[in-house]
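# Working through the structure, step by step
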Amino acid sequence: MDNKEILIICESVHHGNTLKVAGAISEVLNAKLIKPANCDMKTVADYGLIGFGSGIYGGAHHEKLLDLADRLEMQKDKKAFIFSTCSIRVSAMHKTLRDKLLKKGFDIIGEFQCKGFADYSFLKYIFGGTNKGRPNKKDLQEAQVFAKKLQEQI
Ligand SMILES: Cc1cc2nc3c(=O)[nH]c(=O)nc-3n(C[C@H](O)[C@H](O)[C@H](O)COP(=O)(O)O)c2cc1C
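Residues numbered from 1 in each chain as written. Predicted model: local features only at pLDDT ≥ 70, side-chain atom pairs only at ≥ 80, totals over all residues. Heavy atoms only, no water.

## Here we look at the environment of Leu66
Rules: Only DSSP runs of H or I with at least four residues qualify as helices, and only runs of E with at least two residues qualify as strands; both kinds are numbered from the N terminus onward. Working definition: with a 1.4 Å probe on protein chains only, accessible area under 20% of the residue-type maximum means buried, over 50% means exposed, and in between means partly exposed. Here, residues are in contact when the closest pair of their heavy atoms is within 4.5 Å.
Within the secondary structure, Leu66 sits in helix α3 (residues 63-71). For Leu66, a relative accessible area of 12% translates into the label buried. Considered as a pair, Leu66 and Ser12 are 54 residues apart in the sequence and their alpha carbons are 13 Å apart. Apart from the residues within four sequence positions on either side, Leu66 is in contact with Ala60, His61, Thr96, Leu97 and Lys100.

## Re the site of the ligand
Operational definition: Near is defined per residue: the residue qualifies when any heavy atom it owns lies within 4 Å of the molecule or strand. In the analysis that follows, any N or O atom pair within 3.5 Å is treated as a polar contact, provided that within protein one partner can donate a hydrogen and the other can accept it, and provided that, for residues neighboring in sequence, both atoms belong to side chains. Only the protein chains shown count as covering a residue, and every accessible area follows the Shrake-Rupley method with a 1.4 Å probe. All residues other than Ala, Val, Leu, Ile, Met, Phe, Trp, Tyr, Cys, Pro, Asp, Glu, Lys and Arg, Gly among them, are scored as polar; the first ten of these are nonpolar and the last four charged.
As a structural note, the neighbourhood of the ligand is formed by 21 residues, with Ser12, Thr18, Ile56, Tyr57 and Thr85 the closest of them. Val13 has a polar backbone atom sitting 3.0 Å from an oxygen atom of the ligand. Ser87 places a side-chain nitrogen or oxygen 2.6 Å from a nitrogen atom of the ligand. Contact with the protein chains removes 85% of the 650 Å² of surface that the ligand exposes when unbound. Only α1 (17-29), β3 (49-57) and β5 (79-86) provide two or more residues apiece to the shell around the ligand. In terms of residue count, β3 provides more of the shell around the ligand than any other element does, three residues in total. In terms of residue class, the shell around the ligand is built from nine nonpolar, 12 polar and no charged.

## A look at unusual backbone geometry
Each neighbour pair has its own omega, and for Arg134 with Pro135 the value is 0°, a cis peptide bond. Relative to the helices and strands, Pro135 resides in the loop between β6 (107-115) and α5 (137-152). Positive phi values are uncommon outside glycine, yet Asp77 reaches one of about 55°. Examined against the element boundaries, Asp77 turns out to sit in the loop between α3 and β5.

In structure tokens:
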């Protein structure tokens, strides 16, 4: 990869869970971390590897991230990775974003998902939410192992 600059675009609105994962990954990769609202075509052009992450809402990534993927131009020689936090881990939850990024020509070199504390809807009334304390230390260590594997690929 000629351009080794790394950007992470993260939307984390429920409890800041995904932002913790983004922080752990960016520490290893020395990546710049921004929100989708602060990302435009020019920003993307400056980076060789781009990470896209958010919590999962209604079975897919946050709509701001999905909208951004729709607005991006076709890419050439641009690598990407996807990450998320969720209540119940199901890899199919990455499909909507993955399909959009593939359609835009990104080469997806890795995906990471872990549990995050959730107390939306009925979960609020069951023991005050689920996945308390997640992402925890172990989740963040696993995120950093994932980041190191990405490093080997660039
Ligand atoms: C409105 C809403 C919808 C959600 N839908 C799902 C879902 O479909 N599947 C799931 O596993 N988690 C779901 N969650 C849980 C979040 O994905 C989880 O709490 C995540 O860690 C939130 O990340 P954040 O704190 O970075 O926003 C939902 C949470 C909210 C608030």
